[in-house]
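# Survey of secondary and tertiary structure
Read off the chains here:
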Amino acid sequence: MDHEQLVRRASAGDVSAFVDLTRRFQHFAFGSALALVRDFQQAEDIVQEAFVAAWTALPTLAEPAAFPGWLRGIVRHHAFRVLRRKQLHAVPLAEAENVPSDDPPADHILERRRQAAAALSAIAELPDTLREPAALFFIHECSHQDIATFLGLSAVTVNNRLHAARSHLKQRMLTMVTNTLHSQGLSDDFANRIGRLIETRGDMVEALFDPTSLPDLMTELAVSDEARKRSVTIQVMQRSGGGIVRGVANAPIETLPRGATVLSSRRRSRTLIDQMQFDRLVPLLTAAATDGRQSSEIVETGIKVIDVMCPIRAGGSVAIAGENAAGTTVVMEEIVRRISKSSHPVTLFVLIPPPSEIWPPSLEENYSFAGELKSEGYGEGTVGAVQTFFLTGVAGPWTAETRAALAPVDTVVQLARKMILAKIYPGVDVLTARSRLLDDHRVNAFHLDIADRARRAIAALRIADETGDSAADPILLDRARKLQAFFSQPFFIAEPFTKRPGSYVSRADAVRGCAEILNGRHDDLPVDAFYFTGSIEEIRGGGAPA
């Protein structure tokens, strides 16, 4: 029966028809409320009040087909009323003791805790095969289809297990679970993995979880698409705060309703998003951070190799494409700390290699990428002007084909393990790093010329080293080695490990330094003098020669 028929019957006083309407639209209503108040308990209270109001006002609804929009309006009305209550009013201090408390009485709190503990105990004592379906059904109000999707069971098996669970629970306890535990944590860790979908935009999904039980970065979420009886897989790419996680879907998501149930699988995703997805994702997330504004202005990092060879565009997007053990998160954290206070927004896409034996901890079952960042003293990259999204990169070296998928971004900072093995830190490969600011000639002619000469010099050096070409000009090769060494630089975040203070070199000084090296102005210095340093003035010990 479609919802219009149910609305007509409910308007005539048919309670069972209204119950069916409630079941059909509860996720829709919950998602609408949650998107406004961003609080699970308040959203549930709002939905309950909204359905009571809808039942009372239903006879006044002239057009049954308009029920969804009409219901949303009621939900929004109640949500805004809750939000208005949050606006605090100042009162004189002398009157403070007369202001009634919003907190429930202590005896109510104790009774609620006693009931919750008893209900939790009852569910915990269910057999293993019944505990998860019961938790999903009674605590999170998942439909039978949702449960079948998340647990990989048939609908018949779900029905049988829920029936068995009811048999194990006394009627008094069953009522307690249904009525009092919506806002209570469940001792079984499985229940803390449930969230709610609050928004979809293009291939991007936002879901809300308990802030104390967030899914890990780059793990998979499963969203129940009840209408199609399927599960849509989402890869977590950002945890933006307040329990909100953002992910990218591996299938069309237009049909997913707000309030749909989301399950954290805790499995690390190994799926690299395809180029078509990346083409859609980059402008969507970049525009969201910049309101669509971009310019040709450069966001200076003070990192020589980046500012000269792959400068970052104000309001633009950057892909940090790293290989295993190439310092991807180190470069991400250093860039974020250097530019997060800029007045120009920047969107970072950090491409992390999938689990590999090169980093054995990543293969462990309980390995947490976010936990690893925290243990290193790093954040998750979304700070101030910088929005950071983590995606699964390639397993081995980046190739021309895999780099082609990064075409939508303005800047590619390519990190290669061979550079780290050659003791060049940061390990940026200047032959594959790129910037649209250079490609489109949006920097001054001097900078363009020096970047081009630098790339050709290092390319010639690499060919000579790989082939043993004895015909190459030794002076030019020596200058190229000095230039490559000049592109190494101490980082601020690495000071505890390198025992060297971090250095900041302006773009103008970095370009000038490259030019002087290429022009032979510092031919009198050995290559080692340029290694892991800051400006040319630092290298010369206080001033360049006349």
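Cut-off values and rules
- Residues numbered from 1 in each chain as written.
- Predicted model: local features only at pLDDT ≥ 70, side-chain atom pairs only at ≥ 80, totals over all residues.
- Heavy atoms only, no water.
- Pairing = 2+ DSSP bridges.
- Helix = DSSP H or I, 4+ residues; strand = E, 2+ residues; numbered from the N terminus.
- Axes fitted to C-alpha atoms, helices over the stretch in contact; angles between N-to-C directions.
- Contact = heavy atoms within 4.5 Å.
- Core = buried A, V, L, I, M, F, W, Y, C linked by side-chain atoms within 4.5 Å.
- Buried < 20%, exposed > 50% of the residue type's maximum accessible area, 1.4 Å probe, protein only.
- Polar contact = N/O pair within 3.5 Å; in protein donor to acceptor, adjacent residues only side chain to side chain.
- Salt bridge = Lys/Arg side-chain N within 4 Å of Asp/Glu carboxyl O.
- Phe/Tyr/Trp six-rings, centres within 6.5 Å; stacked < 30°, edge-to-face > 60°.
- Expected span 1.5 Å × (residues − 1).

### Brief notes about the sheet that holds strand E6 (residues 261-268)
- Strands sit in the order E1-E2-E5-E4-E3-E6 around a closed barrel of 6 strands; the barrel is antiparallel. Put simply, the sheet's adjacent strands are angled 45° from each other on average, direction ignored.
- Bridge analysis of strand E3 (residues 219-225) against strand E4 (residues 230-241) gives 6 bridges, and the strand direction is antiparallel. Across the sheet, the residue bridging to Asp 225 is Arg 230, located in E4.
- Here helix H2 (residues 15-37) sits on the sheet in contact with strand E1 (194-201), strand E2 (204-208) and E6, set at roughly 75° to E1.

### Digging into the nonpolar core
- Among the nonpolar cores identified, the biggest contains 83 residues, and Ile 335, Leu 348, Phe 390 and Phe 487 are the most heavily contacted of them.
- Top element by residues in this core is helix H17 (residues 445-467). It accounts for 8 residues.
- Contact partners of Phe 390, with chain neighbours within four places excluded, come to Leu 217, Met 218, Gln 235, Val 236, Met 237, Met 332, Val 350, Ile 352, Phe 369, Leu 373 and Glu 380.
- By size, the runner-up hydrophobic cluster in this structure holds 30 residues, among which are Leu 21, Phe 25, Phe 30 and Ala 33.

### Description of the side chain of Thr 388
- Mapped onto the elements, Thr 388 comes out in strand E11 (residues 386-392).
- By relative accessible area, which is 0% here, Thr 388 ends up buried.
- Of note is the side chain of Thr 388, whose polar atom sits 2.6 Å from the backbone oxygen of Gly 381.
- What Thr 388 contacts, discounting residues up to four positions off in sequence, is Met 237, Gln 238, Met 332, Val 336, Leu 348, Val 350, Glu 380, Gly 381 and Thr 382.

### Notes on the sheet that holds E11
- The 5 strands are arranged E11-E10-E9-E12-E13 in an open sheet whose pairing can be described as mixed. Of all strands in the sheet, those with a lone pairing partner are E11 and strand E13 (434-435), marking the two edges.
- In this sheet, E11 lies alongside strand E10 (residues 346-352) in parallel orientation, the contact comprising 7 bridges. Its bridge partner being in E11, Val 350 is matched across the sheet by Phe 390.
- Seen against the sheet, helix H12 (residues 328-339) touches strand E9 (317-321), E10 and E11 and runs at an angle of roughly 170° to E10.

### Some words on the pattern of salt bridges
- Counted by the stated rule, this structure contains 26 salt bridges.
- A salt bridge links Asp 410 to Arg 436, with the nearest nitrogen and oxygen atoms 2.8 Å apart. Within this pair, whereas Asp 410 is found in the loop between helix H14 (400-404) and strand E12 (411-414), its partner Arg 436 is found in helix H16 (residues 436-439), the two being separated by 26 residues in sequence.
- Judged by relative accessible area, which is 4%, Asp 410 ranks as buried.
- Judged by its relative accessible area of 24%, Arg 436 falls in the partly exposed class.
- Across the pair Asp 478 and Lys 482 runs a salt bridge, and its minimum N-O distance is 3.3 Å. Of this pair, Asp 478 and Lys 482 both sit in helix H18 (residues 474-486), 4 residues apart, roughly one helical turn.

### Section: the packing of aromatic side chains
- Tallied over the full model, the rule gives 9 aromatic pairs.
- Each ring, one from Phe 25 and one from Phe 67, has its centre 5.1 Å from the other, and the planes form 70°; the classification is edge-to-face. With Phe 25 in helix H2 and Phe 67 in helix H4 (residues 67-85), this pair connects stretches of sequence that are 42 residues apart.
- Of the residues examined, Phe 25 reaches a relative accessible area of 10% and is grouped as buried.
- A relative accessible area of 0% means that Phe 67 is categorised as buried.
- Ring pairs connect the aromatic residues Phe 18, Phe 51 and Trp 55, which therefore count as one cluster.

### Here we look at unusual backbone geometry
- Each neighbour pair has its own omega, and for Tyr 425 with Pro 426 the value is -5°, a cis peptide bond.
- By the secondary structure assignment, Pro 426 is in the loop between helix H15 (417-421) and E13.
- With phi around 65°, Arg 266 is a residue other than glycine that occupies positive phi space.
- Here Arg 266 lies in strand E6.
- One non-glycine residue, Ala 325, adopts positive backbone phi at about 60°.
- Along the chain, the position of Ala 325 falls in the loop between E9 and H12.

### Some words on H18
- Along its 13 residues, H18 runs 18 Å from first to last C-alpha, staying within 8% of the 18 Å computed at 1.5 Å per residue.
- Taken together, the buried positions of H18 are occupied by Leu 477, Arg 479, Ala 480, Lys 482, Leu 483, Gln 484, Ala 485 and Phe 486.
- Contacts made by the buried residues of H18 are with helix H11 (304-309), H15, H17, helix H20 (507-518) and helix H21 (536-540).

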